[in-house]
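So the chains spell out like this:
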Amino acid sequence: MAQFKTDLKRKIEPFRKLKDKTAKSIFAFGGFFIIISIFLIIFFIGKEAVPLFKSYQVDSKKNFLTNKEIAGAIINFYPDEYNENLLFVNKNGQLNFYNLKEKKVRYSYSIILLEGEKIVSSNSYPANTNRILALGTSSGRILSFNLDYKLRYTSDLDRMVDLTITPSKSFKISENEIIKFDLIEDTESITAVALDSKEKIKFFYKEEIDEDDLFEKTQTSSAIKVYDLIVDLKDSPTDIGLYFDKSSVVVSTKNGDLYLWNVDDETVELLQKDSFSELNINEITMLSGRNSMVISDENGLNSVIFLINNKLQKIRELPRHEYPIRHAFRGNLKKIFTSVDTEGNVKISSTTSGRELLKFKINDFELINFAYKDIGLLALSGNNLEINEFDIEHPETSIKSTFSKVWYEGFEKPEYIWQSAGGTDDFEPKLSLIPLIFGTLKGTFYAVIFALPIAILAAICVSQFMAPKLKNTIKPVIEIMAALPSVVLGFLAGLWLAPRLDSVLVGVIIFPILLILTAFILPPIWEKIKDKTQIKTEGLQFFLISIPVILVIFYFGIVLGDFIENTVFLGSFTDWLYQSAGVNYDQRNALVIGIAMGFAVIPIIFTISEDALSNVPQHLVSGSLALGASRWQTALKVVLPSASPGIFSGVMIGIGRAIGETMIVLMATGNTAIMDWDIFNGFRTLAANIAVEIPEAPVGGSLYRMLFLSSIILFMFTFIINSIAETVRIRLRKKYKEL
């Protein structure tokens, strides 16, 4: 028999070793595959987020020869959105739409000028889907034209751009030659400010009034207003600018001063006169939206200026040139600023963060302009055109704008703000992740405050004081709570809990106070009467009795809260809160989230903590009880410290669960990205923000990549939390392993 067993073992041994090696290889491969998968996910997410902070360079440099006769007499030129056609503006009023590839004029338009009148200055402005071309003349007139670009394709799929020019407005603003001017034209009015050859500043305003007739609308012009602003200047003016409100006029001078006027309702008021530069201010560049401007001086410095409460304020300085600024351009579609110095050095900067995005050098030029879609700089010297093409994809993002306070247009101070979209094309994106990180921590904090005492105390009760039969019933029920879909919890919290909590808010605040007081008062009373009752403290009877006691306390708290609200807070606690403390109660707030997300976190913390408490060696419990300690003393002084590594792990895993929660936060908060620890206000978390914004994020855009950066931060949160949990768990385990 023994020989048979030996022979059988000898035959089975190779198969057993083979199975062990196979299982070991499968497990090793599985673990290795998981690690590789995690690294690949991190690599993909990082690959999408890194371009937010990359440096840019010129993609291509092209040179074209234009017609000498056409290029020789122009005062300015304007490219189309593809940099394939140029609109040349001639002094004699001839507008030629020139194709660079075909080297011919595809469309011409002749402006009717007065006798001896010439075009001496020009500007181009965005208008809805097209552009406005505005021209200043030698006789003091300003002419505006609508430029209607149409894209079509030939039978060979060659791209062609057609241009139609139609006259829009014509008005006289000065008796002298218009050197520089700024213009705002819309369907309601036209506003202009001009600097003429006699160094006079003229302001023009004309309003179009629509009058409803019985059968049709008729349009009549109001009285034309022209004002002279030169009387307050102490030095020669160099440039002018017009803010979005059409009444705030800015003038720069040779000694570096800025003057701000308000022209409104027959009044001209000088609001401010301050020095903003030590040297001559060469140019004023109004940024898109006309909420802010950049001034450029002879010292090579570009400064961003905001208009705040009718006062000009210097916000930030852009990267400096070594030589005086010769030309400056705003971005048409993006919040960028381009400056060119006298040596041909070009710098492109973000006006939001002040970050230098791109710098390069161009050859000498006579005329220069910025591409319509912010994708190139075109310089013309004689009939030679140099095009430097580039694509600055994410000018509004930088480490500074993402993680520190930024002073945005329209705000009175630097702030952390998340606002990815606005109502106009001139909107300045605000992509600070700090409010979202703050909201994530705030939601986690209130959820853990709610869940932690309930989960740990429940684990102690179930593992140390509950009868085994009842424990085997209660524990699975609590664990099943973890299977509740978060979308269901979010739905209940947002649509059922939030409105009801609003009406019983004082009672809900009083309930935990009453519960704690009851926990201190009842045990001594119970010790006196327990011997006279038939209720077993470890059985189902005690459990069934304790639930009604808690419900009675809760009902009493609601009734007491209603009484206090009517007597102390004059019928409305939320109104009293706002009037006395300035706290605005938001129905979907952190309190609702703390309760709802707390229910999602409780099963995780409870299950792990209960397992840790139940696995404490029984000889420790028996020894404590044998030495005369009570059950509570044993639980708190012996069992709890011994199980602390496992409990801590459960708490940290619960925190990780709360940090990554999406649907509850998405449905039960106002999703307002504000930084306020107030429990009665809402917030927005990183995870909820990804869910909200991802449908609106164009692939490859700044918002799209910023959401990937948010996911990296979420991963880092969970990684750090798990690392801390594991480190502390190991140390606690070493500390208590000798017990």
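That block above? That's the structure.
Residues numbered from 1 in each chain as written. Predicted model: local features only at pLDDT ≥ 70, side-chain atom pairs only at ≥ 80, totals over all residues. Heavy atoms only, no water.

Caption draft 1: Layout of helix α4 (residues 434-464). Over its 31 residues, α4 extends 43 Å from the first C-alpha to the last, a length consistent with the 45 Å expected when each residue adds 1.5 Å. At A451, α4 shows its maximal kink, close to 30 degrees; a proline, P453, follows between one and four residues later. (Helix = DSSP H or I, 4+ residues; strand = E, 2+ residues; numbered from the N terminus. Expected span 1.5 Å × (residues − 1). Bend = angle between axes of the 7 residues up to and from the residue.)

Caption draft 2: The arrangement of the packing of α4 against helix α10 (residues 590-614) in detail. Where α4 contacts α10, the two axes come as close as 6 Å, and the packing angle between them is 35 degrees. Crossing of α4 over α10 shows right-handed handedness. Partitioning the contact of α4 with α10 into residue classes produces 21 nonpolar, eight polar and two charged. (Axes fitted to C-alpha atoms, helices over the stretch in contact; angles between N-to-C directions. Left-handed = near helix turned anticlockwise from the far one by under 90°. Nonpolar A, V, L, I, M, F, W, Y, C, P; charged D, E, K, R; others polar.)

Caption draft 3: Expanded view of the sheet that holds strand β15 (residues 237-242). Taken in spatial order, the four strands of this open sheet run β15-β16-β17-β18, and their pairing is antiparallel. Each end of this open sheet is capped by a strand with a single partner; those strands are β15 and β18 (267-275). Mean inter-strand twist for the sheet, computed between neighbouring axes without regard to direction, equals 20 degrees. Sheet topology note: the strand β17 (residues 257-264)/β18 ladder contains eight bridges and is antiparallel. In the strand pairing of β18, Y259 is matched with K273. (Pairing = 2+ DSSP bridges.)

Caption draft 4: Representation of the side chain of K347. Checked against the element boundaries, K347 lands in strand β25 (residues 345-350). Accessibility expressed as a relative area gives 15% for K347, which makes it buried. For K347, the side chain forms a polar contact with the main-chain oxygen of R320, separated by 2.4 Å. (Buried < 20%, exposed > 50% of the residue type's maximum accessible area, 1.4 Å probe, protein only. Polar contact = N/O pair within 3.5 Å; in protein donor to acceptor, adjacent residues only side chain to side chain.)

Caption draft 5: The pattern of salt bridges, seen in detail. Counting across every chain of the model gives 26 salt bridges. Between R290 and D182 there is a salt bridge; the shortest N-O distance is 2.8 Å. With a gap of 108 residues between them, R290 in the loop between β19 (281-286) and β20 (292-297) and D182 in strand β10 (residues 178-185) connect regions that are remote in the sequence. Pair check on accessibility: R290 and D182 agree, each one buried. In this structure, D257 and K273 form a salt bridge, with 3.6 Å as the shortest nitrogen-oxygen distance. Taken together, the residues D257 in strand β17 and K273 in strand β18 connect sequence positions 16 residues apart. Residue classification places D257 among the buried positions, given a relative accessible area of 5%. (Salt bridge = Lys/Arg side-chain N within 4 Å of Asp/Glu carboxyl O.)

Caption draft 6: Seen up close, the nonpolar core. With 87 residues, the main nonpolar core has W418, L433 and F680 as its most contacted residues. Top element by residues in this core is α10. It accounts for 14 residues. Aside from chain neighbours lying at most four places away, what touches W418 is K430, L431, S432, L433, P435, L436, A673, R684, N689, E693, L703 and M706. Counting 19 residues, the second-largest nonpolar core is a separate cluster that includes Y78, L95, L113 and I119. (Core = buried A, V, L, I, M, F, W, Y, C linked by side-chain atoms within 4.5 Å. Contact = heavy atoms within 4.5 Å.)

Caption draft 7: Main features of the packing of helix α6 (residues 486-503) against α10. Following both chains from N to C, one finds α6 and α10 inclined at 140 degrees, their axes separated by 10 Å at the closest point. Comparing their axes, α10 and α6 come out oblique. Once α6 is placed against α10, the crossing between them reads as right-handed. Judged by residue contacts, L489, A493, L497, A498 and L501 of α6 engage L591, V592, I595, A596 and A600 from α10. (Parallel < 35°, antiparallel > 145°, perpendicular 65-115°, else oblique.)

Caption draft 8: Structural detail: the sheet that holds strand β6 (residues 119-127). The strand order across the open sheet built from four strands is β6-β7-β8-β9, with neighbouring strands paired in antiparallel fashion. With partners counted over all chains shown, the strands left at the sheet margins are β6 and β9 (159-172), one partner each. Adjacent strand axes in the sheet meet at a mean angle of 25 degrees, parallel and antiparallel pairs treated alike.

Caption draft 9: Broad picture of the side chain of E693. Here E693 shows up in helix α14 (residues 686-693). Engagement of the side chain of E693 in a polar contact is seen with the side chain of S420, the distance being 3.0 Å. The contacts of E693, once residues within four sequence positions are left out, are W418, S420, R684, L703 and L707.

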